[in-house]
Amino acid sequence: MGKILEHVDLKRLARVCGLILLLPLAATILDENFRWGAFDFLVAYVLFFLAGASIQVTIRHPQALYKFSAALVFMTVAIL
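Cut-off values and rules
- Residues numbered from 1 in each chain as written.
- Predicted model: local features only at pLDDT ≥ 70, side-chain atom pairs only at ≥ 80, totals over all residues.
- Heavy atoms only, no water.
- Helix = DSSP H or I, 4+ residues; strand = E, 2+ residues; numbered from the N terminus.
- Buried < 20%, exposed > 50% of the residue type's maximum accessible area, 1.4 Å probe, protein only.
- Contact = heavy atoms within 4.5 Å.
- Areas by Shrake-Rupley, 256 points an atom, 1.4 Å probe, with all protein chains shown as cover.
- Axes fitted to C-alpha atoms, helices over the stretch in contact; angles between N-to-C directions.
- Parallel < 35°, antiparallel > 145°, perpendicular 65-115°, else oblique.
- Nonpolar A, V, L, I, M, F, W, Y, C, P; charged D, E, K, R; others polar.
- pLDDT = per-residue confidence, 0-100.
- Phe/Tyr/Trp six-rings, centres within 6.5 Å; stacked < 30°, edge-to-face > 60°.

Participant: Break down the overall build of the protein chain for me, citing the residues and quoting the values.
Facilitator: Counting its regular elements, the protein chain contains five helices and zero strands. Counting from the amino terminus, the protein chain carries its helices and strands in the arrangement α-α-α-α-α. Split into buried and exposed, the 80 residues of the protein chain put 26% on the buried side. Here the analysis covers contacts within the protein chain between residues at least 6 apart in sequence; of these, 58% occur between residues at least 24 apart. Of the accessible surface of the protein chain, which amounts to about 5900 Å², a share of 71% is contributed by carbon and sulfur atoms.

Shown next as structure tokens:
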């Protein structure tokens, strides 16, 4: 597992996921009909983080593990 994490920039990925979630946060604050709770933000953050990590592994990993990672990305995107 340590070798896989060498191909993922965790700090950058965490920042990007947080920035993406600013849009629903703004909508929750500004629109009365759009309400997300803390659990909704947590689930969305985890899904975005896993999808981003899978994409990074798919792009950067030199071996056959990219097939599993690509399948995980497509499943995550299908869920979203």
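Participant: Can you tell me about the packing of helix α2 (residues 10-20) against helix α3 (residues 22-30), naming the residues and giving the values?
Facilitator: Taken N-terminus to C-terminus, the directions of α2 and α3 make an angle of 30°; their axes are 4 Å apart at the nearest point. With respect to α3, the element α2 is oriented roughly parallel. On the side of α2, the interface is formed by G18, L19 and I20, while α3 contributes L22, L23 and P24. When its residues are assigned to classes, the contact of α2 with α3 shows five nonpolar, one polar and no charged.

Participant: Describe the confidence of the model for the protein chain, naming the residues involved and giving the relevant values.
Facilitator: Confidence in the prediction for the protein chain averages 81 pLDDT; 80% of positions are at 70 or higher. Least confident of the elements in the protein chain is helix α1 (residues 2-5), whose mean pLDDT is 62; most confident is α3, at 94.

Participant: Lay out the packing of aromatic side chains with the relevant residues and their values.
Facilitator: Applying the stated criterion across every chain, the model contains three aromatic pairs. Ring centres of F34 and W36 lie 5.7 Å apart, and the angle between their planes is 25°; on these two criteria the pair is classed as stacked. Residue classification places F34 among the partly exposed positions, given a relative accessible area of 28%. Relative to F49, the ring of Y45 lies with its centre 6.2 Å away and its plane at 20°, an arrangement referred to as stacked. Taken as a pair, Y45 and F49 lie in helix α4 (residues 38-60) at a separation of four residues, close to a single helical turn. Exposure remark for Y45: the relative accessible area of 26% places this residue in the partly exposed category.

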